[in-house]
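Okay, here's what each chain looks like letter by letter:
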Amino acid sequence: MTIDQLIGLLEEYRDEHGPDAEVRLMTQENWPFENRIAGVTSGAEINEASEDDPSEYFDDQDVAEDAIIYIVEGGQICYGSKRAWETCRDC
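Right, let's walk through the structure included here. (Residues numbered from 1 in each chain as written. Predicted model: local features only at pLDDT ≥ 70, side-chain atom pairs only at ≥ 80, totals over all residues. Heavy atoms only, no water.)

1. Things to note about the pairing of strand β2 (residues 33–42)
Alright, step 1. For strand β1 (residues 25–27) and β2, the ladder comprises three bridges, and the chain directions are antiparallel. Residue pairing across strands places Met26 opposite Glu34, the latter belonging to β2.
Alright, step 2. Joining the antiparallel neighbours β1 and β2 is a turn of five residues, in which Gln28 adopts a positive phi near 60 degrees.
Alright, step 3. Across eight bridges, the pairing between β2 and strand β3 (residues 69–79) is antiparallel. (Pairing = 2+ DSSP bridges. Helix = DSSP H or I, 4+ residues; strand = E, 2+ residues; numbered from the N terminus.)

So, in structure tokens, the structure goes:
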């Protein structure tokens, strides 16, 4: 999914549910969980962080590409629903 595709989908949901609707991350289709979103980062930022002080990071492996944006999970809230995969747009 590209940034433009994600923004387009989020804009549709904003129009339907309003700008204050909470956004969560549904993970693991076979054992679903709802998760908070901690924030976003990029491959470039991840790779740059390991250059600052590689000994500071347990995982100093670079990510695949700099032009990738990551939505970072912020912790499990509760169990999710398998129906999320049946109803998701652009799945």
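2. Section: unusual backbone geometry
Alright, step 1. Backbone geometry places Gln28, a non-glycine residue, at a positive phi of 60 degrees.
Alright, step 2. Relative to the helices and strands, Gln28 resides in the loop between β1 and β2.

3. Details of the packing of aromatic side chains
The relation between two aromatic rings is expressed through the spacing of the ring centres and the mutual angle of the planes.
Alright, step 1. As enumerated under the stated definition, the model contains two aromatic pairs in all.
Alright, step 2. Ring geometry for Trp31 versus Tyr79: centroids 6.1 Å apart, planes at 90 degrees, classification edge-to-face. Separated by 48 residues along the polypeptide, Trp31 in the loop between β1 and β2 and Tyr79 in strand β3 bring together distant segments of the chain.
Alright, step 3. Here Tyr79 falls in the exposed class, since its relative accessible area comes to 56%. (Phe/Tyr/Trp six-rings, centres within 6.5 Å; stacked < 30°, edge-to-face > 60°. Buried < 20%, exposed > 50% of the residue type's maximum accessible area, 1.4 Å probe, protein only.)

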